[in-house]
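Structure at a glance
As a plain string of letters, each chain reads:
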Amino acid sequence: MSQERVFQLSGTCNNYPWGKKGKQSLAAQLCAKTPGTDFHIDDDKFYSEMWFGDYPDFPARKLDTGEPLADVLQQNKEQLLGKKVIENFDSQLPYLPKILSIAKALPLQLHPNKELAAKLHKKDPENFTDPNHKPEIAVALSKFEVFAGFKPLDKIAPVFRLKPLQQFNPEQSDKWTDETLRNVTRTLLKSDLETVKKVQTELSKIPRDQLGDAAYILDLLPRLQDQYGPEDAGSLVALLCMNFLVFKAGDAIYIPADGIHAYLAGDIVECMARSNNVLNVGFCPPGDRNNADMFADTLTFKAHSRDDVYLPSQKSDKGKNGKTVVYKPPMSEFDMLKTDLGAGQSEEIKASDGPGVMIVTSGSGSMHADGKDFQLKEGFIFFVAPGVPVKWESQDGVQIHMAVV
């Protein structure tokens, strides 16, 4: 029996408490629309993510057989992964795509670089389950709020001259460097709970005009306290030191390895290098936090503004009919295509050197690929092997996101 080169997948949802509840979760809605699975939405559960890659934690499965995608790929690596992935990416799907539905802040986190990930995996394989780095992109499907990267140093320094915050930068140097910022971040994260609570209380009483263009802190602080209490140092690091950014559907951001971030609200397509390593230091219970010194030592300072985080889309030369844009992060593992078709429109996507995984994020239509026709509905997920072009058509409109190598 010849190997199918295009086949439908089912994803796997998880239930982290930052997710949206019941049918409010787009991740759960999309997961439930795949036919032939036993997944049903429970209105009392939180649904945070749907994963649809080959990573073992929450694996995609071949819909008609229920086999984990990883097993299917390993049975026919040459045809399903292709030479490029076999030679460069350890014969595994090099990316991990997800849908996230975010109701409250994810942990304040970074993903270790390859060197640190390898050390952590060797030392603690239970918590660091692979030796890989995890740069990632997030493409907004709705309004998307996020803390990502650090503010410009000249925007951070004045805030720490305010009386309640002077203790975190005792030298009070006029000229901040990234090392100043590293030390202040470390000091904030290592503060005891009583200090954090006291500082948050004092911060909430600072007049708006003293905060200047950081006055939004006074609006966000009660929201974060409502989610994680007044003793979480993550609120201080995020509000005082990081960019707070709001994006609309279709906007995207890139988070490099070692890049500090915390997603706050919205629905997104997320895709990352194939890893699940993370260091958490805030917006989570104290017992779930990693070492603050290791976190501070690992920080890089590539992002100091919105422009450093924003990942613009550009017209893709893979789409023959001009209906496709591409998000190209500065990494080799994947690009993300987004195709929007209006009523009666079509798009043809040229074949890729490596495997593709696509999800219908809205609408419906049809796909012709590998000599067969497939129905497309919201939530449907497909694997596409290397060397296989696809054609999409829609009578009423459809949106598709596709990770490609």
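It should be noted that the structure appears before, not after, this text.
Notes on the structure in this doc start here. (Residues numbered from 1 in each chain as written. Predicted model: local features only at pLDDT ≥ 70, side-chain atom pairs only at ≥ 80, totals over all residues. Heavy atoms only, no water.)

What about the overall build of the chain?
- Looking only at helices and strands, one finds 13 helices and 23 strands in the chain.
- The C-alpha atoms of the chain give 22 Å as radius of gyration, which agrees with the globular expectation for 405 residues (22 Å, within 12%).
- Based on the C-alpha atoms only, the size of the chain along its principal axes is roughly 70 × 45 × 40 Å.
- In the chain, the proportion of contacts linking residues at least 24 apart, taken out of those at least 6 apart, comes to 76%.
- The averaged location of the 55 negative side-chain charges in the chain is 2 Å from the averaged location of its 47 positive side-chain charges. (Helix = DSSP H or I, 4+ residues; strand = E, 2+ residues; numbered from the N terminus. Rg over C-alpha atoms; globule rule 2.2 N^0.38 Å. Contact = heavy atoms within 4.5 Å. Lys, Arg positive; Asp, Glu negative; His and termini not counted. Charge placed at Lys NZ, Arg CZ, Asp CG, Glu CD.)

A short note on the nonpolar core
- Ranked by internal contacts, the top residues of the largest apolar core, which has 64 residues, are M50, I137, M358, M367, F383 and W392.
- Counting residues per element, this core draws most heavily on strand β19 (residues 356-369), at six residues.
- If near-sequence neighbours (up to four positions away) are discounted, W392 is found in contact with T339, L341, Q345, S346, E347, I349, M358, S366, M367, L376, I400 and M402.
- One finds F160, L162, L220 and M242 within the second-largest nonpolar core, a separate group that totals 50 residues. (Core = buried A, V, L, I, M, F, W, Y, C linked by side-chain atoms within 4.5 Å. Buried < 20%, exposed > 50% of the residue type's maximum accessible area, 1.4 Å probe, protein only.)

A few points about the layout of surface pockets
- Estimated volume of the largest pocket: approximately 790 Å³.
- Secondary-structure elements contributing two or more residues to the lining of the largest pocket are β5 (49-51), β7 (95-102) and β13 (261-273).
- If you tally residues by element for the lining of the largest pocket, the top one is β13, at four residues. (1 Å grid on protein atoms, 1.4 Å probe; cavity = no way out; pocket = protein on both sides within 12 Å on 5 of 7 lines; lining within 4 Å. Points joined across faces, edges and corners; volume = space filled by probe spheres on them.)

What to know about the pattern of salt bridges
- Taken as a whole and assessed by the stated rule, the structure comprises 21 salt bridges.
- The partner of K155 in a salt bridge is D213, and the shortest N-O contact between them spans 2.9 Å. Taken together, the residues span a long stretch of sequence, with K155 in helix α6 (residues 153-156) and D213 in the loop between α9 (208-211) and α10 (217-228) at a distance of 58 residues.
- Given a relative accessible area of 57%, D213 falls into the exposed group.
- We note a salt bridge from D293 to K190, for which the minimum N-O separation is 2.9 Å. Remark: K190 occurs in the loop between α7 (178-189) and α8 (193-204) and D293 occurs in helix α12 (residues 292-298); sequence separation between them is 103 residues.
- Connected through shared salt-bridge partners, R186, K190, D293 and D297 make up one network. (Salt bridge = Lys/Arg side-chain N within 4 Å of Asp/Glu carboxyl O.)

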